Amino acid sequence: MSQPFRLPGGGRIDRSKPLSVTFNGKRLEGYRGDTIASMLLASGSHLAGRSFKYHRPRGILTHGSDEPNALLSVDWRPEKGAGRRDPNNRASVVEARDGLSVSTQNHWPSLETDIGVVNDLLAPVFVAGFYYKTFMWPRSFWDKVYEPVIRRAAGLGEAPEVPDADRYANRHAHCDVLVVGAGPAGLSAALAASEDGSKRVMLADEGFALGGSLLQDVTSKIDGQSAAEWVEAAVAKLDARENVVILPRTTVFGYYNHNHVAMVERVSDHLDEARDGLARERLWQVRAGQVVLATGSHERPLVFENNDRPGIMLAESMRAFVNRYAVAPGRSLVVATSSASAYRAALDAKAAGIATRIVDIRLEQDCGPELAQARSAGIEVLTGHTVIKALGGKRVKGLVVAPLGNGGAIGTRRTLDCDCVGMSGGWTPSVHLFSQSRGKLAFDAELDAFLPGQSAQAEISAGACHGVYDLKAVIEDGAKAGGGNITVEATASFTGFQPVRVLPTDVDPGKVRAFIDFQNDVTAKDIKLAVREGFTSIEHVKRYTTTGMATDQGKTSNMNALGLVAGVLDRPLPSVGTTTFRPPYTPVSFGALVGPARDELFDPVRKTPIDAWAEANGAAFEPVSLWRRAWYFPKAGEDMHAAVQRECKAVRTSVGIFDASTLGKIEVVGPDAAEFMNRIYTNAWSKLKVGGCRYGLMLREDGFVYDDGVVARLAEDRFHVTTTTGGAPRVMAHMEDYLQTEWPDLDVFLTSITEQYAVIALQGPNARKVLEPFVTDIDLSEEAFPHMAVREGYICGVPTRLFRVSFTGEAGFEVNVPADYAESVWKALYEHGKQFGITPYGTETMHVLRCEMGFIIVGQETDGTATPDDLGLSGLVSKVKTDFVGKRSLTRPDITAEGRKQLVGLLTKNGQEVLDEGAQIVADPSAQVPMPMLGHVTSSYFSSNCGRSIAMAMVKNGRARMGETLWVTTPSGFTEAVVAPAVFHQVQGAKADA
Amino acid sequence: MLLIRCPYCGERPEVEFHCGGEAHIARPDTPAEMTDADWASFLYYRTNPKGLHAERWVHNHGCGRWFNALRDTVTDAFVQTYEMGAPRPDAGNASSTATKAA
Ligand SMILES: [Zn+2]
């Protein structure tokens, strides 16, 4: 395709750098400085997509990020393979680069011939509230019709099907002033703000060229310079200042609390050669002292029949294509407007040699100096005319207009043949970021716009987003926002417009398809219907009709929708409300948000020092809080059940070795350590001798069990506390909280030593024999080192805190060694233990063994509402201490009341049946539904040591129900189980506490 | 993301902190002597003001220390942070005094 519509001269394209892209498989030519939209127009085509619901052909409406129609799927580096394509890119902002492969969306079989357009004929079906009215019943339609058919028929681009192959970066920054938008106001603000070299200034603009509206301004003079010269000088000045960071291609998309601003920079999509490893996009999180919003404004479309035909665009966009991109959007143009600014577009097009006419809704006397200027340039202007409709299908062919008479009478129609229309219904300040900052909007009737009102943060708006439209005022307003005060001379801009919501027509408005929201296919008719059906708040109308709820957030449509609703209700516009804008300002790729936090960095796995050995020895793993723990060690041919039963037997008959390194470990040190322990735990600690261990129970202030674990007293002033694996951080925080805020007088230090010590548990009758040869400086004899004792010495020459404890009921040791030595100590023990058949076991076997003994696991048996007595642990609660955390709550009426759930054992009638953990328990399965529930199963296993299944449960009045038969839910109904004490196994021979 | 001034470290982003609820609720010295109602009130009852709220924060991914803060619940502006044990500063009550973040 050549470029028949490229103008012979002018524009901000680099004609020395020709390029081509693939557009729906065909070659499209252009230059550096083009967008895909301008390349398409240069080829003579406007058709750029099919609409969301009705599959109507759509063209290019705008030249900026507010584009609702021309959405493309872009493969950014087709030569590099899959994973670099993303949907819903706006053709108007995709910077042209040699080799891009783009395709239009939402059509089949092709853009030109799309059978989905049948939806357009069915339009009466897709009325306002279609989703609410349709997706009701019958139920079966959900799966068979709605999802597959409607989802496919109505839609935007297709989500990528392979992982994103690109890299995304992440950066935090601080600055004194962040200027958003590099148009005349933003450049002026940045210049003023950065004059003081000690102020760090950042200037971000979503475009690839700085200058904003001045990029398409070829007529204005600023202090004697052309607009282009002024921009060039301003940028050069800023560039030369070391305190300024300029970020083109950077969209500020989120404005959060305390001037936390998020922006995304497109780093490499525009580069001909992007070196490997260069990020595609970079997410910036900026904390700004002051934010200057210079975000400009959005032009409003006119609302008339078939205003969505390809070839119909916004007037200022027409101007941008002619002046900035040197493209003739057509051979014969009509500018339809109620706004003075559109005359500039007509004049510039005419000056570029394109036939141009103007239709102005305003009456002759309501027009400004622009009218005379257009006429003297030889442009035919029809004032006081309405647009009835556009002619043409895939391209506009003409505009039917008619004069507006007195009292709403509409005169004789006239058809203006044309192949392109530029329309303008006035301007809407872009207050999105101001609104995101939680500032309050205020309606300005004169400007027919919501403007920034009261600020909520250190922020100031300048220029068009501030309701200032005249170029001189815009530049001065920008300087003021940047802390300066300047006066400039600039060409007067054409400003002012007459708000029109829906253009008057001579046909039944109920039959007219005039689009308000182009992206979501919402017509004026739909909005009127919603109001007739009783929706009077704009927030409700929005949701009911989906107007303004597409990916463009209604940038071009909100004010037309709002004004229409107000008009139908005959109420002042502000009373209808305004929408709240939320991040992101424009769509942001998931890649940018995720950044490097993907794959193995998404949720880093915490591993113990023994993890590598476990992996090498075939362990199956399970996640436990952030850790991965060895779950069981299957031998060849074993399933989980077989492996666990073998491991359980080995521990009870000889010896098992277990990695308990994930246990939380805290050192409590200081002269007041024992007093601190007394206050934190239910147990009394003063009498615990140095070298002794005790099982400790910790409550929250409300009396419910918070954590448990063995505590060793290493010295009068030093305790080694262990916690549950998952509870380690919160127990540490809980202790610190009390120490710092309630008892700052206690002289105690808390240190987390979870990572410093690995723990190797040796459990079983032969544990001591495995350990003996390696331990020095500790007497391991039964008399010298009884159950629940701790000794410090050496193992394999490495310092150890050796605990004589058991979570299995068997005689056992827990060897605490510095983490760096753990693997070698483990290997030494394992090698020596082979003669005893030492068996590595995992968390599942640990769970079964402790359940056989009736030992609870906090978080499994408890759910945050269990008291010590509920668990049968009231013996651990000191009667002597006057106070400890949670003590007072244990006598609250609800805690001492009858009928609380208590921990019991459950034995199924059929010993081979294993209950489901979490299964509900009832007394009578034939009771009426909803039947009274007595409790639930907390732990359940098959125990080969017991030769049957075992379970623990929390059951209402459980301890009074011994021997009672209850019913437990199963996937297929109920099964019988008998309440029993929660101890299932009697340890033979050398017991833990022998 | 809020910006919070730790009295010991200076301004840091919210992700480094954890909020511990309403401040200036001291644990009673002699809980055993309290009525059930008074104890329940200490445990569960909190004010929920629209405007300035004194609350506990801990800089858990920083210095690890607890401190108190006066935060405006309407604007999320932190009017003042101060050390544990210090009395609540007199910073007025109206949320309008805190609409502009520092
Ligand atoms: Zn700190």
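Remember, predicted model here, so these are calculated numbers, not experimental data.

(A) Spotlight on the overall build of chain A. Within chain A, the regular secondary structure consists of 24 helices and 50 strands. Taking the principal axes of its C-alpha atoms as reference, chain A extends roughly 115 × 70 × 55 Å. Looking at chain A as a whole, 58% of its 994 residues are labelled buried. Put simply, of all contacts in chain A between residues at least 6 apart along the chain, 66% involve residues at least 24 apart. For chain A, the exposed surface amounts to about 39,000 Å²; the carbon and sulfur share of it is 54%.

(B) Layout of the sheet that holds strand 21 (residues 385-391) of chain A. Residue and element names in this part refer to chain A. Spatially, three strands are ordered 21-22-23 in an open sheet, and the strand pairing comes out antiparallel. Pairing within the sheet leaves two strands with one partner each, and these edge strands are strand 21 and strand 23 (414-417). Each adjacent strand pair in this sheet contributes to an overall mean axis angle of 30 degrees, direction not counted. The sheet contact formed by strand 22 (residues 398-403) and strand 23 spans four bridges and is antiparallel. Residue pairing for strand 23: Val400 is matched across the bridge by Thr415.

(C) Expanded view of the interface of chain A and chain B. Contacts between the two partners involve 29 residues from chain A, matched on the other side by 31 residues from chain B. For the pair chain A and chain B, the summed buried area comes to about 2,400 Å², and 46% of that belongs to carbon and sulfur atoms. The interface formed by chain A and chain B holds five salt bridges in total. Joining chain A to chain B, the criterion identifies 19 residue pairs in polar contact (both at pLDDT 80 or more). Secondary-structure elements contributing two or more residues to the side of chain A that touches chain B are strand 15 (281-293) and helix 20 (728-742) of chain A.

(D) A look at a nonpolar patch on the surface. Residues Val118, Leu121 and Leu122 of chain A make up a contiguous nonpolar surface patch of roughly 290 Å² in combined accessible area. Mapped onto the elements of the fold, Leu122 of chain A is located in the loop between helix 2 (118-121) and helix 3 (130-134).

(E) Structural context of the sheet that holds strand 47 (residues 935-943) of chain A. All names here are of chain A. Read around the barrel, six strands follow the order 45-48-47-46-49-50 and close on themselves; strand pairing throughout is antiparallel. Going from strand to strand, the sheet's axes swing by 45 degrees on average, the running direction of each strand aside. Here strand 46 (residues 920-922) runs beside strand 49 (residues 965-970); their pairing, made up of two bridges, is antiparallel. Its bridge partner lying in strand 49, Ile921 is registered against Val968.

(F) Up close: the packing of helix 7 (residues 315-323) of chain A against helix 8 (residues 342-351) of chain A. Residue and element names in this part refer to chain A. Running from amino to carboxyl end, helix 7 crosses helix 8 at an angle of 30 degrees, the nearest separation of the two axes being 8 Å. With respect to their mutual orientation, helix 7 and helix 8 come out roughly parallel. Between helix 7 and helix 8 lies a crossing of left-handed hand. Contacts between helix 7 and helix 8 involve Ala315, Arg319, Val322 and Asn323 on the former and, on the latter, Ala342, Arg344, Ala345, Asp348 and Ala349. Classifying every residue of the contact of helix 7 with helix 8 by side-chain character gives five nonpolar, one polar and three charged.

(G) Representation of the UniProt feature "domain: Aminomethyltransferase C-terminal" (unreviewed entry) in chain A in the model. Here the UniProt-annotated "domain: Aminomethyltransferase C-terminal" (unreviewed entry) positions come out as residues 901-984 of chain A. Each end of residues 901-984 of chain A is marked by a C-alpha atom, and these two atoms are 20 Å apart; helix forms 0% of the span and strand 51%.

(H) Expanded view of the domain arrangement of chain A. Residue and element names in this part refer to chain A. For chain A, the domain assignment lists domain 1 (14-132), domain 2 (168-297 + 429-481), domain 3 (301-425), domain 4 (500-571), domain 5 (640-850) and domain 6 (896-994). Taking only C-alpha atoms, the centre of domain 2 and the centre of domain 3 are 31 Å apart. Listed by partner, the interface residues are seven residues for domain 2 and seven residues for domain 3. Between domain 2 and domain 3, the buried area comes to about 650 Å², and carbon and sulfur atoms account for 51% of it. It is Leu215, Gln216 and Thr219 in domain 2 that bury the most area against domain 3; as a group they hold 67% of the surface buried on that side. In this structure, the connection of domain 2 to domain 3 is made through one salt bridge. Close ionic contact of Arg319 with Asp217 constitutes a salt bridge, the shortest N to O distance being 3.5 Å. Where domain 2 packs against domain 3, one counts four residue pairs in polar contact (both at pLDDT 80 or more).

(I) Spatial organisation of the environment of Pro301 of chain A. All names here are of chain A. Tracing the chain through its elements places Pro301 in the loop between strand 16 (297-299) and strand 17 (312-314). Among the residues examined, Pro301 registers a relative accessible area of 1% and is labelled buried. C-alpha separation for the pair Pro301 and Ile388, spaced 87 residues apart in sequence, amounts to 14 Å. Contacts of Pro301, omitting those with residues within four sequence positions, involve Leu61, Leu314, Met423, Gly425, Phe518, Thr556 and Asn560.

(J) Just the environment of Asp196 of chain A, in detail. Relative to the helices and strands, Asp196 of chain A is located in the loop between helix 5 (184-193) and strand 9 (201-204). Polar side-chain contacts of Asp196 of chain A include one of 2.8 Å to the side chain of Ser198 of chain A.

(K) The coordination of the zinc ion, seen in detail. All names here are of chain B. Around the zinc ion, the protein supplies Cys6 (SG), Cys9 (SG), His59 (ND1) and Cys63 (SG) as donor atoms, at distances of 2.0 to 2.3 Å. Considering all four donor atoms around the zinc ion, the spread of angles at the metal, 105 to 117 degrees, places the coordination shape in the tetrahedral class. Read in sequence order, the donor residues for the zinc ion give the motif C-x2-C-x49-H-x3-C. The exposure class of His59 is buried, given its relative accessible area of 1%.

(L) Looking closely at the packing of helix 12 (residues 524-532) of chain A against helix 14 (residues 558-569) of chain A. Residues and elements named next belong to chain A. At a minimum axis separation of 10 Å, helix 12 and helix 14 run at an interaxial angle of 45 degrees. In terms of orientation, helix 12 and helix 14 fall into the oblique class. Regarding helix 12 and helix 14, the two cross each other, and that crossing is right-handed. For the pair formed by helix 12 and helix 14, the contact residues are Ala524, Ile527, Lys528 and Val531 on the first element and Ala561, Leu564, Val565, Val568 and Leu569 on the second. Tallied by class, residues from the contact of helix 12 with helix 14 come to eight nonpolar, no polar and one charged.

Reading the values: the criteria
- Residues numbered from 1 in each chain as written.
- Chains lettered and ligands numbered in written order.
- Predicted model: local features only at pLDDT ≥ 70, side-chain atom pairs only at ≥ 80, totals over all residues.
- Heavy atoms only, no water.
- Helix = DSSP H or I, 4+ residues; strand = E, 2+ residues; numbered from the N terminus.
- Buried < 20%, exposed > 50% of the residue type's maximum accessible area, 1.4 Å probe, protein only.
- Contact = heavy atoms within 4.5 Å.
- Areas by Shrake-Rupley, 256 points an atom, 1.4 Å probe, with all protein chains shown as cover.
- Pairing = 2+ DSSP bridges.
- Axes fitted to C-alpha atoms, helices over the stretch in contact; angles between N-to-C directions.
- Buried area = accessible area lost by both parts, 1.4 Å probe.
- Salt bridge = Lys/Arg side-chain N within 4 Å of Asp/Glu carboxyl O.
- Polar contact = N/O pair within 3.5 Å; in protein donor to acceptor, adjacent residues only side chain to side chain.
- Patch = residues over 30% accessible without salt bridge, like charges linked within 9 Å, V, L, I, M, F, W, Y side chains within 5 Å.
- Parallel < 35°, antiparallel > 145°, perpendicular 65-115°, else oblique.
- Left-handed = near helix turned anticlockwise from the far one by under 90°.
- Nonpolar A, V, L, I, M, F, W, Y, C, P; charged D, E, K, R; others polar.
- UniProt positions renumbered as here; feature names shortened; annotations may be inferred.
- Domains from an automatic or database assignment.
- Donors = N, O, S within 2.8 Å, 3.2 Å for Na, K, Ca; no water.
- Tetrahedral: all angles 85-135°; square planar, octahedral: opposite > 155°, others 65-115°.

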